[in-house]
Amino acid sequence: MMRALVIDDSRAMRRIVSGILEGLGYETQQAGHGREGLDVLGGLERDQLPELVCVDWNMPVMDGLQFVSAVRSNPAWRSMTIMMVTSESEHTQIVRALAAGAHEYVIKPFTADAIRDKLALLGLLPQEAVL
Amino acid sequence: MTTLDTGERRRGADVRPVITELIDEATVETIAQDAWIALVGEEEVLVPLPGEPVIDPLSSWVDVVGPWTGSVVLTTGRRTAEELTRALLAEHSPEVLEHEDVVDAFGEIANVVGGNVKAALPGSSGLSLPDVGDAPAPRNPEDVCRVDLLWRGETVSISVQGALPALPAH
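Residues numbered from 1 in each chain as written. Chains lettered and ligands numbered in written order. Predicted model: local features only at pLDDT ≥ 70, side-chain atom pairs only at ≥ 80, totals over all residues.

Another aspect to go through is the overall build of chain A. Helix and strand content of chain A: six helices and five strands. Tracing chain A from N to C terminus, the helices and strands come up as β-α-β-α-β-α-β-α-β-α-α. Across its three principal axes, chain A shows a C-alpha extent of roughly 40 × 35 × 25 Å. By residue count, 44% of the 131 residues in chain A fall in the buried class. Once local pairs closer than 6 in sequence are excluded, the contacts in chain A between residues at least 24 apart make up 62%. (Helix = DSSP H or I, 4+ residues; strand = E, 2+ residues; numbered from the N terminus. Buried ≥ 20, exposed ≤ 12 C-beta atoms within 10 Å, placed from the backbone. Contact = placed C-beta atoms within 7 Å.)

In structure tokens form, the structure reads like this:
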């Protein structure tokens, strides 16, 4: 089963994103901010790392951009695909996230189909969701 | 050499936009409608009609800091905010809703609406984390763009309001 880590300071948003991913066949873990996300990843063996990390932009303690930079500075974590899930729809902000190492972004408000389409683009749609 | 202060530079700096020059009610309403459909539910619509005055109001808001500085404030009744939370959490909604759940969910709606309002404004701005409680009071009646809507028959108002007082008239 494919794995995803969902990082958002809003519990409601974590539940929504996790619910969509689980519906597509992902096993999910959650974290409330970037630092907590790094802690989750730090506790995993390399073969347990999630294929996908969905991370919010605007969070306390450590925001999404800082999280992306931290992940990209660790060679052991390079295999993970990072998708920003954010209400920051300004072009400059999106470019900053992509330049820092995010692979894709989805803007809140989004639909389940929008997430599915982005995952299909990234080649990260679980087999059961393709069928 | 004597330099005369013509007031030109001072007047230039004194000009700052009010929100009604930057965004209109229709745009705010569209942003809110999109947020509702995505977060609250596909069948959930906001009807652009003013409703009854809100009893026991609760607000959620985010602050925007940039060329225009102010807040995007959602206000509805506490009961309606709880109903919104249940709709947002859907099957994940706990049997007994705690205030923390309402703060989280209602705040996230303000975050999404506010983020998209910010994106519609010119220039680059910062966005705060959401807050929930008693709404900040508008400081300049001219610097407010407000829409009143109905969700499931209950009043939901969205106010995009400046944080700065009106400039003194010269």
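Don't stop here, the text continues.
Turning our attention to unusual backbone geometry. The peptide bond linking A:Lys108 to A:Pro109 adopts the cis configuration, its omega dihedral lying at 0°. Among the secondary structure elements, A:Pro109 is positioned in the loop between strand E5 (104-107) and helix H5 (112-122). The phi dihedral of A:Val61 is positive, around 70°, even though this residue is not glycine. Counting through the fold element by element, A:Val61 comes out in the loop between strand E3 (52-55) and helix H3 (64-72). Take A:Val61: there are 12 C-beta atoms within 10 Å of it, and that puts it in the exposed class. Of note, the phi angle at B:Asp56 is positive, near 50°, even though the residue is not glycine.

Our next topic: the interface of chain A and chain B. Counting from both sides, the interface comprises 17 residues of chain A and, opposite them, 19 residues of chain B. Examining the composition of the side of chain A that touches chain B, we find that five residues originate from one element, helix H1 (residues 11-24) of chain A, more than from any other. Grouping the amino acids of the side of chain A that touches chain B by side-chain chemistry returns five nonpolar, seven polar and five charged. (Nonpolar A, V, L, I, M, F, W, Y, C, P; charged D, E, K, R; others polar.)

It is worth spelling out the nonpolar core at this point. If you look at the biggest cluster of nonpolar residues, it comprises 74 residues, and the most contacted ones within it are A:Cys54, A:Val55, B:Ala32, B:Val72, B:Phe106, B:Ile109 and B:Val113. Filtering out sequence-adjacent residues up to four positions away, A:Val55 remains in contact with A:Ile7, A:Gly37, A:Gly64, A:Phe67, A:Val68, A:Ile82, A:Met84 and A:Val85. (Core = buried A, V, L, I, M, F, W, Y, C linked by C-beta atoms within 7 Å.)

All names here are of chain A. Close contact between helix H2 (residues 34-42) and H3 brings their axes to 9 Å; oriented N to C, the two are set at 30°. Between H2 and H3, the angle falls in the class roughly parallel. Here the hand of the crossing between H2 and H3 comes out right-handed. Contacts from Gly 34, Gly 37 and Leu 38 in H2 reach Gly 64, Gln 66, Phe 67 and Ala 70 in H3. Taken together, the residues of the contact of H2 with H3 break down into three nonpolar, four polar and no charged. (Axes fitted to C-alpha atoms, helices over the stretch in contact; angles between N-to-C directions. Parallel < 35°, antiparallel > 145°, perpendicular 65-115°, else oblique. Left-handed = near helix turned anticlockwise from the far one by under 90°.)

This part is about H2(A). Residues and elements named next belong to chain A. Within H2, the full set of buried residues consists of Gly 34, Gly 37 and Leu 41. End-on, the buried residues of H2 take up no more than an arc of 55°, which puts them together on one face. Exposed and oriented more than 90 degrees from the buried face of H2 are Asp 39 and Gly 42. Buried residues belonging to H2 abut strand E1 (3-7), strand E2 (27-31), E3 and H3. (Arc of directions from axis to C-beta.)

Turning next to the pairing of strand E1 (residues 57-65) of chain B. Residue and element names in this part refer to chain B. For E1, the buried fraction is high: seven of the nine residues fall into the buried class. Sheet analysis places E1 next to strand E2 (residues 70-77), joined by eight bridges and oriented antiparallel. Bridge pairing in E2 links Ser 59 to Thr 75. A loop of four residues connects E1 with E2, the two strands running antiparallel in sequence. Bridging between E1 and strand E4 (residues 131-133) involves three bridges; their strand directions are antiparallel. Each residue of the ladder has a partner; that of Ser 60, found in E4, is Val 132. Pairing of E1 with strand E3 (residues 126-127) involves two bridges; the strand directions are antiparallel. Looking across to E3, one finds that Val 65 is bridged to Gly 126. (Pairing = 2+ DSSP bridges.)

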